[in-house]
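# Breakdown of the fold
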Amino acid sequence: MDEVTKKRIKNLQEGDRRALSRVLSLVEEQDDQAFEILEHLFEHTGKGMSVGITGPAGAGKSTLIDQLIRLVRKQDQKISVLAVDPSSPFSGGAVLGDRVRMQGHCSDDGVFIRSVGSRGKSGGVSFATRALLQILDVYGSEYTVVETVGAGQSEVDIMNLVDTTVVVLTPESGDSIQALKAGMLEIADVFVINKKDREGANRVAHDIEMMLSLVPSESQWKPPIILTSAQSGEGVAQLLEALQNHRGYLNTLQVDPARLRRKRKAFLYEMIQTRLAGYVEEWIDRDPHRRKALESTDEPNLYKMVKEGIAACLKS
Ligand SMILES: Nc1nc2c(ncn2[C@@H]2O[C@H](COP(=O)(O)OP(=O)(O)O)[C@@H](O)[C@H]2O)c(=O)[nH]1
Ligand SMILES: [Mg+2]
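Predicted model, so just to flag it, every value in this text is computed and none were measured. (Residues numbered from 1 in each chain as written. Chains lettered and ligands numbered in written order. Predicted model: local features only at pLDDT ≥ 70, side-chain atom pairs only at ≥ 80, totals over all residues.)

## Some details on the overall build of the chain
Within the chain, the regular secondary structure consists of 13 helices and 7 strands. Partitioning the intrachain contacts of the chain with sequence separation of at least 6 by distance along the chain shows that 77% fall at a separation of at least 24. (Helix = DSSP H or I, 4+ residues; strand = E, 2+ residues; numbered from the N terminus. Contact = placed C-beta atoms within 7 Å.)

This is the structure:
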């Protein structure tokens, strides 16, 4: 590793905002150096906590996160938000509504907000998100919140990357029950019933309690159900407390060295896949015919071309 990179990592660890931007760009560009940095950072992570916040669109996740930011900043801790937007490419567009809502924090150095597209052209959102989480952890972000919509497989995958998963529901409609059916019950460490200012929050809380009691669980952790009103900020302090409690619970669990090794292996494996996918994209872009051939339905020698491409990539 060269001196500049070493210095950059040191600056990142000291909470230097410019080093953070630089490292993030390197990762987004999938620069060779980025992979080296990430491998190195892996050992320095584990100080901050990562929180996934998921639930139906419109449940109030962004509003809730905005309130969390206020609260965490009052305690003078750092907080970051990664908004996973299914429609934007990895380094591309902003989640406009979210940006606008959270822009009150723009000038605050203790707050970092970034959107991550879940249809990245190579490697996918899982690697990108994991990389961002590690970098922000090393940067000193005490809380890193990942906001995702819905209950698709990619959301469940993302939730596998965070320490604590919060499922946000509202009194409205039967969305709570539907969301729970889609596998949210299993992934939730904390439930939030937002919009408690509206009719029916207690009923939804009761439904969830019922469902939880029907599912046998070996875990010592019983997911709390927290009623909030994100607009007014009511209940947000209780949410933060629940997050801290869950973190405390995780700390009581024995850290299994084999599990850590598996995690590291999975990370390196993902890194290799991402890197290879990057080579393939580069190779395709080197000749305009290739992209066209890939996208046409009547190209006769497609498989041959793909084979050639893979061979070329493995050589480079
Ligand atoms: N009545 C009420 N409305 C809320 C509450 N929290 C959020 N909202 C509104 O619900 C809408 C969706 O909120 P948003 O945070 O964008 O939801 P997201 O899609 O889950 O991120 C916005 O119009 C919010 O102002 C709440 O506690 N009570
Ligand atoms: Mg949102």
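## Notes on the pairing of strand β6 (residues 190-193)
Burial of β6 is two-sided: the residues Val190 and Val192 facing one way and the residues Phe191 and Ile193 facing the other way are all buried. Relative to β6, strand β5 (residues 164-169) runs parallel, the two sharing 4 bridges. Each residue of the ladder has a partner; that of Val166, found in β6, is Val190. Bridge count for β6 against strand β7 (residues 225-227) is 3 bridges, and the pairing is parallel. (Buried ≥ 20, exposed ≤ 12 C-beta atoms within 10 Å, placed from the backbone. Pairing = 2+ DSSP bridges.)

## Brief notes about the nonpolar core
Val23, Ile135, Val145, Phe191, Val192 and Ile193 are the most contacted members of the largest nonpolar core, which has 64 residues in total. Here this core takes 9 residues from helix α6 (residues 124-139), the largest share from any one element. (Core = buried A, V, L, I, M, F, W, Y, C linked by C-beta atoms within 7 Å.)

## Notes on the environment of Ala34
When you line up the elements, Ala34 lands in helix α3 (residues 32-41). Given 22 C-beta atoms within 10 Å, Ala34 falls into the buried group. Here the alpha-carbon distance between Ala34 and Val23, two residues 11 residues apart in the chain, equals 7.0 Å. Setting aside anything within four residues of it in sequence, one finds Ala34 in contact with Leu26 and Val27.

## Some details on the packing of helix α1 (residues 3-13) against helix α2 (residues 17-28)
One way to put it is that α1 packs onto α2 with a least axis distance of 8 Å and a crossing angle of 120°. In this view, α1 runs oblique relative to α2, as classed from their interaxial angle. By crossing handedness, the relation of α1 to α2 is classed as left-handed. Every residue of α2 that contacts α1 at Arg8, Asn11 and Leu12 is listed here: Ala19, Leu20, Arg22 and Val23. (Axes fitted to C-alpha atoms, helices over the stretch in contact; angles between N-to-C directions. Parallel < 35°, antiparallel > 145°, perpendicular 65-115°, else oblique. Left-handed = near helix turned anticlockwise from the far one by under 90°.)

## What about the site of ligand 1?
Around ligand 1 there are 15 residues in total, and Gly60, Lys61, Ser62, Thr63 and Ala230 lie nearest to it. It is helix α4 (residues 61-74) that contributes the most residues to the shell around ligand 1, 3 residues altogether. Along the lines of polarity and charge, the residues of the shell around ligand 1 split into 3 nonpolar, 8 polar and 4 charged. (Near = placed C-beta within 6 Å. Nonpolar A, V, L, I, M, F, W, Y, C, P; charged D, E, K, R; others polar.)

## What about the packing of α2 against α3?
The description of two helices packed together rests on the angle between their axes and the distance between the axes. Viewed as axis vectors pointing N to C, α2 and α3 meet at an angle of 115°, and their least axial separation amounts to 7 Å. Every pair of crossing elements has a handedness; the one defined by α2 and α3 is left-handed. Residues Val23, Leu26 and Val27 of α2 pack against Gln33, Ala34, Ile37 and Leu38 of α3. Residues of the contact of α2 with α3, tallied by class, amount to 6 nonpolar, 1 polar and no charged.

## Overview of helix α10 (residues 236-252)
Look at α10: 25 Å from first C-alpha to last across 17 residues, which is about the 24 Å you get at 1.5 Å a residue. Every buried residue belonging to α10 is among Val236, Leu239, Ala242, Leu243 and His246, and all of these are buried. Taken down its axis, α10 places every buried residue within 110° of arc, on the same side. Facing away from the buried surface of α10 by more than 90 degrees, the exposed residues are Glu241, Gly248, Asn251 and Thr252. Residues of α10 that are buried make contact with β1 (49-55), α4, β5, β6 and β7. (Expected span 1.5 Å × (residues − 1). Arc of directions from axis to C-beta.)

Function cannot be inferred from these measures alone, as they are strictly geometric.
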